[in-house]
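These are the residues of each chain, in order.
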Amino acid sequence: MRVGIIQLRSLPAPSTLLKTLWRLAVDDGILWSHLFSSLYRLLCGYSLAVFFGLLIGALISQREILHHLFEPTLNIFMSVPTIAWVPIFLITLGLGDKTVITTIFISSFFAIVYNTMRGIEMIDQSIVNASRIMGLNGAKLFIHVLFPASLLSIINGLRLAIGYAWRALVSGEMLAALIERGLGKMVYQARYFNDAAVMLVGLLIIGIMGYLLDQLFLTLLEKSTVEKWGMTLKK
């Protein structure tokens, strides 16, 4: 059924999109192979970015000299579009998964570092001093004081990073020639056949998965921590 509001004959009708989704997911089943390949790369790159982003963000925030040294660098690298890194990684890392995972890592890493650093720096210094007087230092100080107090800023960084990661995933899969499976590759290959239905289904799946990951992970984390602790208004 065509609504007829916009006359664009090159775009498929909603009924065509549903048929294409059914064909890819049920008849051929190839959609699941693309989806799981993309989720694997996303998990690898994003997990590494979360680990190193939290660690480095915490270290920078605790040393003034590191803050002055690395904050301009962070601002510079955050201004570089993720897709601009892809050609460099293609040359240095090859045309396979390493390029895509590294692109995801880079796209997420700087946002997590920056928000972690800012969140910790905004903590009342009297709380930090009192914790040190009570014997908390190093990892214990971070786990019991710095991390909980800066969690609202950290979650915002994680939320930004997951969005950046999806964009990096799609662009990396489109340009990495040796990758055979992935949502980005599915969308890119569909252009050779002018198959707009497959392209739109791919974009729809990417959007839905991004929303689900946010709701199942970040929103759940937010509700069980900062909202429960009264650090933000409950939705």
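Structural notes, computed from the coordinates. As the structure is a prediction and not an experimental result, all values here were calculated from the model.

Describing helix α3 (residues 64-78)
- In this model, α3 (15 residues) spans 21 Å end to end at C-alpha, consistent with the 21 Å of a helix rising 1.5 Å per residue.
- Of all the bends found along α3, the most pronounced is centred on Phe70 and spans about 35°, while Pro72, a proline, follows it within four residues.
- Listed as buried for α3 are His67, Glu71 and Leu74.
- Those residues of α3 that are buried are in contact with α2 (30-62) and α5 (97-121).

Concerning a nonpolar patch on the surface
- A cluster of nonpolar side chains, contributed by Leu48, Phe51, Phe52, Leu55 and Leu59, occupies part of the molecular surface with about 470 Å² of accessible area.
- As for its position among the elements, Phe51 is in helix α2.

Re the side chain of Glu71
- You can see Glu71 is positioned in helix α3.
- Contacts of Glu71, omitting those with residues within four sequence positions, involve Leu66, Met117 and Arg118.

Quick word on the nonpolar core
- Counting 46 residues, the largest nonpolar core has Leu31, Leu42, Tyr46, Ile104, Trp166, Leu183 and Ile205 as its most contacted members.
- Listed by contribution, the elements that provide at least two residues to this core are α1 (14-27), α2, α4 (82-93), α5, α8 (151-175), α9 (183-190) and α10 (196-224).
- The element that contributes the greatest number of residues to this core is α8, accounting for 11 residues.
- Counting 7 residues, the second largest nonpolar core, distinct from the first, contains Ala58, Ile123, Leu141 and Val145.

A closer look at the packing of aromatic side chains
- Within the structure shown, the criterion is met by 9 aromatic pairs.
- Geometrically, the ring pair formed by Phe51 and Phe52 is edge-to-face, given 5.0 Å between the ring centres and 85° between the ring planes.
- For Phe51, a relative accessible area of 53% corresponds to the exposed category.
- Ring pairs connect the aromatic residues Phe51, Phe52, Phe77, Trp85, Phe89, Phe105, Phe109 and Phe110, which therefore count as one cluster.
- One Lys or Arg, Arg191, reaches over the ring of Tyr192 and ends 4.6 Å from the middle of that ring.

Brief notes about unusual backbone geometry
- At Asn194, a position not held by glycine, the phi torsion is positive, near 50°.
- Looking at the element boundaries, Asn194 is found in the loop between α9 and α10.

Structural notes on the side chain of Ser37
- Along the chain, Ser37 falls in helix α2.
- With relative accessibility at 18%, the residue Ser37 sits in the buried group.
- What Ser37 contacts, discounting residues up to four positions off in sequence, is Arg181 and Gly182.

Section: the packing of α2 against α5
- The geometry of α2 relative to α5 is characterised by a closest axis approach of 6 Å and an angle of 30° between their N-to-C directions. Crossing handedness for the pair α2 and α5: right-handed.
- For the contact of α2 with α5, the residue count by class is 21 nonpolar, 7 polar and 3 charged.

Conventions and cut-offs
- Residues numbered from 1 in each chain as written.
- Predicted model: local features only at pLDDT ≥ 70, side-chain atom pairs only at ≥ 80, totals over all residues.
- Heavy atoms only, no water.
- Helix = DSSP H or I, 4+ residues; strand = E, 2+ residues; numbered from the N terminus.
- Expected span 1.5 Å × (residues − 1).
- Bend = angle between axes of the 7 residues up to and from the residue.
- Buried < 20%, exposed > 50% of the residue type's maximum accessible area, 1.4 Å probe, protein only.
- Contact = heavy atoms within 4.5 Å.
- Patch = residues over 30% accessible without salt bridge, like charges linked within 9 Å, V, L, I, M, F, W, Y side chains within 5 Å.
- Areas by Shrake-Rupley, 256 points an atom, 1.4 Å probe, with all protein chains shown as cover.
- Salt bridge = Lys/Arg side-chain N within 4 Å of Asp/Glu carboxyl O.
- Core = buried A, V, L, I, M, F, W, Y, C linked by side-chain atoms within 4.5 Å.
- Phe/Tyr/Trp six-rings, centres within 6.5 Å; stacked < 30°, edge-to-face > 60°.
- Lys NZ or Arg CZ within 6 Å of the ring centre and 35° of its normal.
- Axes fitted to C-alpha atoms, helices over the stretch in contact; angles between N-to-C directions.
- Left-handed = near helix turned anticlockwise from the far one by under 90°.
- Nonpolar A, V, L, I, M, F, W, Y, C, P; charged D, E, K, R; others polar.

This is a description of form; function is not addressed.
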